[in-house]
Amino acid sequence: MVAYYDGQTLMRRGILGPNKEVEVGPIMERTLTRKQPVYLVNLKLYPGKVEFNYLPENTQGIICQPMGEKGVLVLGANAPRSYTKQDESWVEGIADKLGASLDTQATREVKA
């Protein structure tokens with residue numbers, strides 16, 4: 001799992017890939033601009049998978065979930081089509097909560 005907000009990686013947890021740097025590619029950019037999640041259920045079918053080189057090489061499925069105004073929560077799975085609707089709802093709820101907290105903190109810092 002990777003939490004990315006306002007141009008910086010806030011957290012990397014779990015089994016991680018060889019690259020420590022998170023670079024925003026087209027898929028993550030789409031999530032940031034449209035504020036809609038992107039589910040890649042079988043990663044080997046997508047040429048854009050190369051942008052997720054910070055996840056393990058055997059990552060099979062990805063959720064890119066918007067997180068507040070400036071963030072994305074990225075989750076990888078080791079099996080294709082492994083996320084259920086319940087998982088997607090859970091990820092959305094966590095991302096909404098984290099995003100709201102981060103947005104509030106960012107607003108306070110700008111005003112200070």
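As a reminder, the structure under discussion sits directly above these lines.
The model shown is predicted, which means the values in this text are computed figures rather than measured ones.

Undergrad: What am I meant to see in the sheet that holds strand S3 (residues 38-40) here?
TA: Two modes of strand pairing occur in sheets, parallel and antiparallel, and in both the strands are linked by backbone hydrogen bonds. As summarised here, the arrangement of the five strands in space is S2-S1-S5-S4-S3, forming an open sheet in which the pairing is antiparallel. Where the open sheet ends on each side, the last strands, each with one partner, are strand S2 (8-12) and S3. Geometrically, the sheet is characterised by an average inter-axis angle of 15 degrees between neighbouring strands, direction not taken into account. As judged from the three bridges shared by S3 and strand S4 (residues 61-67), these two strands associate in the antiparallel manner. Looking at the pairing, Tyr39 lines up with Ile63 of S4. Taken strand by strand, helix H1 (residues 26-34) contacts strand S1 (2-5), S3, S4 and strand S5 (71-77), and its axis lies near 135 degrees from that of S5. Contacts between helix H2 (residues 85-111) and the sheet are confined to S1, S2, S3, S4 and S5, with S4 contributing the most and set at about 35 degrees to the helix.

Undergrad: I would appreciate a short explanation of the packing of aromatic side chains in the present structure.
TA: The relation between two aromatic rings is expressed through the spacing of the ring centres and the mutual angle of the planes. Evaluation of the coordinates by the stated rule reveals one aromatic pair. Judged by centre distance (6.1 Å) and plane angle (65 degrees), the ring pair of Phe52 and Tyr54 falls under edge-to-face. Overall, Phe52 belongs to the buried group, its relative accessible area being 4%. Its relative accessible area of 0% is what places Tyr54 among the buried residues.

Undergrad: What's the story with the environment of Glu69 in this structure? I'm lost.
TA: Relative to the elements of secondary structure, Glu69 occurs in the loop between S4 and S5. What makes Glu69 exposed here is its relative accessible area of 55%. When the C-alpha atoms of Glu69 and Gly99 are compared, they prove to be 7.1 Å apart, with 30 residues separating the residues in sequence. Setting aside its immediate chain neighbours within four residues, Glu69 contacts Lys35 and Asp103.

Undergrad: Is there a simple way to explain H2 in this structure?
TA: For the α-helix, the turn length of 3.6 residues means that residues three or four positions removed from each other point alike. With 27 residues, H2 extends 39 Å between its outermost C-alpha atoms, agreeing within 8% with the 39 Å of an ideal straight helix rising 1.5 Å per residue. Residues of H2 that are buried: Glu88, Val91, Ala95, Gly99, Asp103 and Ala106. Turning to H2, the residues buried within the fold contact S1, S3, S4 and S5.

Quick notes on the rules
Residues numbered from 1 in each chain as written. Predicted model: local features only at pLDDT ≥ 70, side-chain atom pairs only at ≥ 80, totals over all residues. Heavy atoms only, no water. Pairing = 2+ DSSP bridges. Helix = DSSP H or I, 4+ residues; strand = E, 2+ residues; numbered from the N terminus. Axes fitted to C-alpha atoms, helices over the stretch in contact; angles between N-to-C directions. Contact = heavy atoms within 4.5 Å. Phe/Tyr/Trp six-rings, centres within 6.5 Å; stacked < 30°, edge-to-face > 60°. Buried < 20%, exposed > 50% of the residue type's maximum accessible area, 1.4 Å probe, protein only. Expected span 1.5 Å × (residues − 1).

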